[in-house]
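Here is how the chains run, residue by residue.
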Amino acid sequence: MIKIALFFFVFVIAIAAQQENKRWSKIHANYEIKNTNQDAYQCNGELNFLGGAHGLYKYLISDLDGDNCPFSPSCSNFFIQAAQQTNLIKASLMFADRFMRDTNFFNREDYIKNPTGKLIDTVENYK
Amino acid sequence: MKSLFIFCLFFMMEISFAQSNLEKQLNYANELFDSTDYFDAITEYKRLIYFDVNKEYYWEANYKIGLSYKSGGFYDNAIQFLKISEMNANTSDGILESKLQIVRCNILRRTTPSALQILDELEIEYPTEEYQAEISYWRGWAFMLNDEWENAAVEFGKLDAGHELQTLCTTVEESKFSAIFAKVISYLLPGSGYFYSGEYLPGILSLSWNILGGYFTVNAITENRIFDAFVIGELGWLRFYRGSIEGAEKSVAKKNLEIANSAYRFLQNKYEGTQP
Amino acid sequence: MTFIILNEKIYSQEESLLTAFNRYKFSNYLFQQKDYYRANNEFRQYLWYENNDTVRFKIAFGLIELGELKQSQDYLKSLFINSKLSDEAKLFFFKIKYFENDYDEFTALRKNKIYFSSIYETKINKLESCFNLQNSNMLIDSTNLFAPFSGGEYDTIRSLYFRKYYPERKDETTAGIISAIIPGAGKIYTENYSDGITSFLFTSVLGFLSYNNFKNNHDVRGWIFAALTGYFYAGNIYGSVASARIYNTDIQVRVQFDISEFLKNKNYFMPKIHGISK
């Protein structure tokens with residue numbers, strides 16, 4: 001009975017076996033745990049007024065008031081990326097819309113979740 | 001009679017020569033394995049398995065394939081072949097070796113519950129002291145890589161009172177910050193959780209925001225501006241109050257992760273004992 | 001005599017696992033195990049001994065599975081002439097062109113009947129129709145598109161065609177205008193009901209706060225809330241227009257996905273080849 005169960009287990013694993021696409025060599029196992037608690041769509045820290053203001057906002061307010069934004073990128077990151085990719089006026093309007101969607105506590109089934117559970121809502125959709 | 005004799009001789013030669021080919025194949029595969037050419041070693045072991053119709057080398061070939069995949073980081077494949085080797089083991093030592101390697105693969109891919117379950121089964125099946133020591137050792141490693149340092153220290157303590165890894169685990173456990181304590185003191189005094197984890201400036205800022213939010217909220221209430229009090233309280237004060245608790249927890253988690261990773265780096269680079 | 005037999009045995013048994021036939025058997029074993037990389041290495045070694053069309057085809061198949069499309073094409077081309085698998089190779093060649101997303105070359109080869117298989121003409125036509133439907137943004141002639149299909153496949157392709165070229169789109173201008181009249185209405189028009197209601201409530205509350213503060217002679221706060229009301233009102237209009245655009249894009253994305261799924265379920269119209277493909 002155990003052998004049948006083991007055989008079935010092996011069969012299932014065989015279906016899901018890792019595919020080898022090329023020659024490989026020995027690797028050194030890495031025990032370190034990665035910190036996954038980061039915004040996947042962090043904007044690059046540009047040395048300009050906007051980047052500086054964003055950094056200051058993050059340090060003084062955003063990092064202290066908790067993880068309130070259900071989206072990725074966060075609202076502040078969204079604004080910075082929108083400003084970088086379009087212009088300040090359009091970015092402001094996009095931010096206003098994003099902020100209102102952020103306060104929607106009814107239904108969020110239209111968004112795809114990333115591995116950390118955040119709803120993916122990128123600037124590209126609204127440019 | 002003579003022809004029968006020649007026939008028997010011929011037949012026995014067939015068997016003996018066929019066996020020597022498999023042995024040659026095994027030796028060749030072992031050479032590749034010993035020279036860490038794991039990819040080609042797997043090919044040659046698979047060739048051996050295919051032609052070994054009597055399954056004489058099944059255990060060893062599948063076992064070595066499992067070890068080769070483990071060396072390459074293909075833990076799922078490694079476990080698959082180690083399971084086959086376990087099924088084809090002729091001795092209880094062979095079964096034990098296969099199972100222990102499966103445990104080590106589970107430890108490396110951080111599927112700790114599977115590793116612990118197998119170790120629990122082994123504990124019952126192999127109750128002698130010699131095996132129990134090895135089981136405790138790997139259970140300790142399973143706990144260590146699952147960030148459960150206290151449990152790991154207990155397991156290593158069973159091997160030897162002053163075991164190197166027990167000392168390491170105890171040191172890590174004592175260095176770590178308590179997330180529960182950080183949360184509780186943050187409930188009582190916003191920002192204190194940050195102080196506890198050594199982040200002083202965020203602690204001061206958090207406390208400041210809470211004081212400011214609290215002042216404006218109370219001020220609005222005393223002036224009978226209830227709606228304003230509600231808005232300021234919710235969007236100002238409570239937001240930063242919840243934030244201080246959450247932030248303290250995150251700050252502690254971040255510090256504990258650094259402590260754990262420091263221990264993992266020691267194990268990777270400096271520890272000379274047997275590793276998964 | 002016995003000595004001769006013994007001697008012959010000693011030499012013939014050396015390297016017997018690596019004879020051509022044994023390599024072939026072992027390669028097939030690896031192929032069945034889906035260990036395509038190793039199988040291909042062994043097949044290539046076997047080809048040194050013997051030229052075998054089935055082996056070449058299996059190498060090509062394995063390379064497709066490994067994502068090595070360029071290399072796979074080379075092996076398939078070697079089977080186009082004087083091979084019993086010539087037609088299958090040509091059909092798989094067209095499949096590779098689909099995977100490479102090289103629509104222009106696909107249609108050029110198809111039109112000029114280069115590397116064309118008359119036996120699998122219908123299958124190639126079906127693949128081309130689906131490829132055409134995925135790639136073309138301009139309205140295409142449905143007669144030619146539907147022609148290779150029948151039965152359930154015909155119904156599916158027809159449905160995908162109409163979803164792609166006659167979708168139930170939402171007008172961006174209409175969404176913007178409706179939201180300008182009633183905040184959030186544009187989002188309700190694009191079927192984002194909860195976002196629409198939220199926009200309406202958000203803008204309304206801010207507007208009320210502004211009005212209330214003015215009424216109670218708190219002019220500064222009144223103007224602050226008025227400015228916020230105006231800001232979020234403008235944001236709501238922008239968001240409604242964006243919402244309509246997203247709705248229309250989503251329709252196209254879903255159709256493309258459904259075409260891909262249809263092809264996948266049909267295994268890209270590839271036939272089952274004994275011992276090779278599923």
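The rules we used
Residues numbered from 1 in each chain as written. Chains lettered and ligands numbered in written order. Predicted model: local features only at pLDDT ≥ 70, side-chain atom pairs only at ≥ 80, totals over all residues. Heavy atoms only, no water. Contact = heavy atoms within 4.5 Å. Buried area = accessible area lost by both parts, 1.4 Å probe. Salt bridge = Lys/Arg side-chain N within 4 Å of Asp/Glu carboxyl O. Polar contact = N/O pair within 3.5 Å; in protein donor to acceptor, adjacent residues only side chain to side chain. Helix = DSSP H or I, 4+ residues; strand = E, 2+ residues; numbered from the N terminus. Patch = residues over 30% accessible without salt bridge, like charges linked within 9 Å, V, L, I, M, F, W, Y side chains within 5 Å. Areas by Shrake-Rupley, 256 points an atom, 1.4 Å probe, with all protein chains shown as cover. pLDDT = per-residue confidence, 0-100. Expected span 1.5 Å × (residues − 1). Buried < 20%, exposed > 50% of the residue type's maximum accessible area, 1.4 Å probe, protein only. Domains from an automatic or database assignment. Core = buried A, V, L, I, M, F, W, Y, C linked by side-chain atoms within 4.5 Å. Axes fitted to C-alpha atoms, helices over the stretch in contact; angles between N-to-C directions. Parallel < 35°, antiparallel > 145°, perpendicular 65-115°, else oblique. Left-handed = near helix turned anticlockwise from the far one by under 90°. Lys, Arg positive; Asp, Glu negative; His and termini not counted. Charge placed at Lys NZ, Arg CZ, Asp CG, Glu CD. Nonpolar A, V, L, I, M, F, W, Y, C, P; charged D, E, K, R; others polar.

Chemist: So what's going on with the interface of chain A and chain C? Residues and values would help.
Modeler: The interface of chain A with chain C comprises 25 residues on the first partner and 25 residues on the second. When chain A packs against chain C, the two sides together hide about 2,100 Å² of surface, and 58% of this comes from carbon and sulfur. On the chain A side of the contact with chain C, Glu-20, Leu-93 and Met-100 of chain A bury the most area, a combined 27% of that side's loss. Counting across the chain A and chain C interface gives 2 salt bridges.

Chemist: Residues and numbers for the interface of chain A and chain B, please.
Modeler: Taken together, the 34 residues of chain A in the interface contact 43 residues of chain B. Interface area for chain A against chain B, summed over the two sides, is near 3,600 Å², with a carbon-plus-sulfur share of 62%. It is Trp-24, Tyr-31 and Leu-64 of chain A in chain A that bury the most area against chain B; as a group they hold 25% of the surface buried on that side. Here chain A is connected to chain B by 4 salt bridges. Asp-65 of chain A is paired through a salt bridge with Arg-239 of chain B; the nearest N and O atoms lie 2.9 Å apart. One can count 12 residue pairs in polar contact (both at pLDDT 80 or more) joining chain A with chain B. Elements that contribute at least two residues to the side of chain A that touches chain B include exactly α1 (2–15) and α2 (49–62) of chain A. With 7 residues, α1 of chain A is the largest single contributor of residues to the side of chain A that touches chain B.

Chemist: So, the environment of Ile-135 of chain B: which residues are in play, and what are the values?
Modeler: All names here are of chain B. Along the chain, Ile-135 falls in helix α7 (residues 129–145). On a C-alpha basis, the gap between Ile-135 and Val-103 in space is 9.7 Å, while along the polypeptide they are 32 residues apart. Excluding residues that lie within four positions of it along the chain, Ile-135 makes contacts with Leu-119, Leu-122, Glu-123 and Tyr-126.

Chemist: Could you give an account of the environment of Ile-246 of chain C, with specific residues and numbers?
Modeler: For Ile-246 of chain C, the position within the fold is in helix α14 (residues 219–265). Taking the C-alpha atoms as reference points, Ile-246 of chain C and Phe-31 of chain C, 215 residues apart in sequence, are found 45 Å from one another.

Chemist: Hey, could you go over unusual backbone geometry for me, with residue numbers and the actual values?
Modeler: Looking along the chain, the bond that leaves Ser-72 of chain A and enters Pro-73 of chain A is cis, with omega of 5 degrees. Here Pro-73 of chain A is to be found in the loop between β1 (71–72) and α3 (75–85). If you check the backbone angles, Thr-36 of chain B has positive phi at about 60 degrees while not being a glycine. For Thr-36 of chain B, the location among the structural elements is in the loop between α1 (2–34) and α2 (38–51). Phi angles above zero are rare outside glycine, and Glu-191 of chain C is one such case at about 70 degrees. In this structure, Glu-191 of chain C sits in the loop between α12 (185–189) and α13 (193–215).

Chemist: Outline a nonpolar patch on the surface, supporting the account with residue identities and numerical values.
Modeler: Taken together, Phe-105 and Phe-106 of chain A together with Ile-177, Ile-181, Ile-182, Ile-188, Tyr-193, Ile-197, Phe-200 and Leu-201 of chain C make up a surface patch of nonpolar side chains, about 1,100 Å² in accessible area. Of all elements in the fold, only α11 (172–181) and α13 of chain C reach the threshold of two or more residues within the nonpolar patch. Among the elements that line the nonpolar patch, the one with the most residues is α13 of chain C, at 4 residues. Assignment of secondary structure puts Leu-201 of chain C in helix α13.

Chemist: Go over the confidence of the model for chain A, please, and point to the residues and values.
Modeler: When pLDDT drops low, the exact placement of atoms in the prediction is not to be read closely. Residue and element names in this part refer to chain A. Taken as a whole, chain A shows an average pLDDT of 79; of its residues, 77% reach a score of 70 or greater. Per-element confidence in chain A is highest for helix α4 (residues 88–102), whose mean pLDDT is 93, and lowest for α1, whose mean pLDDT is 46. Note that pLDDT drops below 50 for residues 2–15; the model gives that stretch 13 contacts with residues more than four away or on any other chain.

Chemist: Break down α7 of chain B for me, with residues and values.
Modeler: The α-helix winds at 3.6 residues per turn, so residues separated by three or four positions along the chain end up facing the same way. Residues and elements named next belong to chain B. With 17 residues, α7 extends 25 Å from end C-alpha to end C-alpha; this agrees with the ideal 24 Å at 1.5 Å per step. α7 sits mainly inside the fold: 13 of its 17 residues count as buried. Just beyond α7, the residue with positive phi is Asp-147, at close to 65 degrees.

Chemist: If you had to explain the pattern of salt bridges to someone new, which residues and values would you point to?
Modeler: As enumerated under the stated definition, the model contains 42 salt bridges over all chains in all. Of the charged contacts, one joins Asp-40 of chain B and Arg-23 of chain A as a salt bridge, the two residues approaching to 2.9 Å between their closest N and O atoms. Here Asp-40 of chain B is found in helix α2, whereas its partner Arg-23 of chain A is found in the loop between α1 and α2 on a different chain. Judged by relative accessible area, which is 40%, Arg-23 of chain A ranks as partly exposed. Here Glu-155 of chain B and Arg-139 of chain B are joined by a salt bridge, their closest N and O atoms 3.6 Å apart. Here Glu-155 of chain B, found in helix α8 (residues 149–159), pairs with Arg-139 of chain B, found in helix α7; they are 16 residues apart in sequence, far enough to count as distant. Taken individually, Glu-155 of chain B and Arg-139 of chain B each receive the classification buried, so the pair is uniform in this respect. Through salt bridges with shared partners, a single ionic network connects Asp-97, Arg-98, Arg-101 and Asp-121 of chain A together with Lys-187 of chain C.

Chemist: Go over the domain arrangement of chain B with me, naming the residues and quoting the values.
Modeler: Taken domain by domain, chain B holds domain 1 (14–109) and domain 2 (179–267). Placing a centre on the C-alpha atoms of domain 1 of chain B and another on those of domain 2 of chain B gives a separation of 56 Å.

Chemist: Break down the confidence of the model for chain B for me, citing the residues and quoting the values.
Modeler: Across chain B, the average pLDDT comes to 92, with 95% of residues at 70 or higher. As scored by the predictor, the complex reaches a pTM of 0.82 and an ipTM of 0.78.

Chemist: Report on the nonpolar core, specifying residues and quantitative values.
Modeler: Core analysis: the largest hydrophobic core is formed by 123 residues, its most contacted members being Trp-141, Met-144, Leu-165 and Leu-267 of chain B together with Phe-57, Leu-76 and Leu-127 of chain C. Taken domain by domain, the makeup of this core includes at least three residues from each of domain 1 (14–109) and domain 2 (179–267) of chain B. Not counting residues within four places of it along the chain, the set of residues in contact with Trp-141 of chain B comprises Tyr-31 of chain A together with Ile-107, Phe-156, Leu-165, Leu-267, Tyr-271, Thr-274, Gln-275 and Pro-276 of chain B.

Chemist: How would you summarise the packing of helix α3 (residues 36–49) of chain C against helix α4 (residues 53–65) of chain C if you had to cite specific residues and measurements?
Modeler: Residue and element names in this part refer to chain C. Contact pair α3 / α4: the axes reach a minimum separation of 9 Å and the direction vectors enclose 155 degrees. As far as their axial angle goes, α4 and α3 are roughly antiparallel. Both α3 and α4 take part in a crossing whose hand is left-handed. Contacts from Tyr-36, Asn-40, Phe-43, Arg-44, Tyr-46 and Leu-47 of α3 reach α4 at Val-55, Arg-56, Lys-58, Ile-59, Phe-61, Gly-62, Leu-63 and Glu-65.

Chemist: Break down a negative patch on the surface for me, citing the residues and quoting the values.
Modeler: On the surface, Asp-93, Glu-97, Glu-130 and Glu-134 of chain B cluster together to form a negatively charged patch. Assignment of secondary structure puts Asp-93 of chain B in helix α5 (residues 92–108).

Chemist: Requested: an account of the packing of α2 of chain B against helix α2 (residues 20–32) of chain C, with residues and values cited.
Modeler: In contact at an axis separation of 10 Å, α2 of chain B and α2 of chain C are set at 105 degrees when each is read in the N-to-C sense. Taken together, the axis directions place α2 of chain B and α2 of chain C in an arrangement best described as roughly perpendicular. Of α2 of chain C, the residues touching α2 of chain B (which contributes Thr-43, Lys-46, Arg-47, Ile-49, Tyr-50 and Phe-51 of chain B) are Asn-22, Arg-23, Lys-25, Phe-26, Tyr-29 and Leu-30 of chain C. Per-class residue counts for the contact of α2 of chain B with α2 of chain C are 6 nonpolar, 2 polar and 4 charged.

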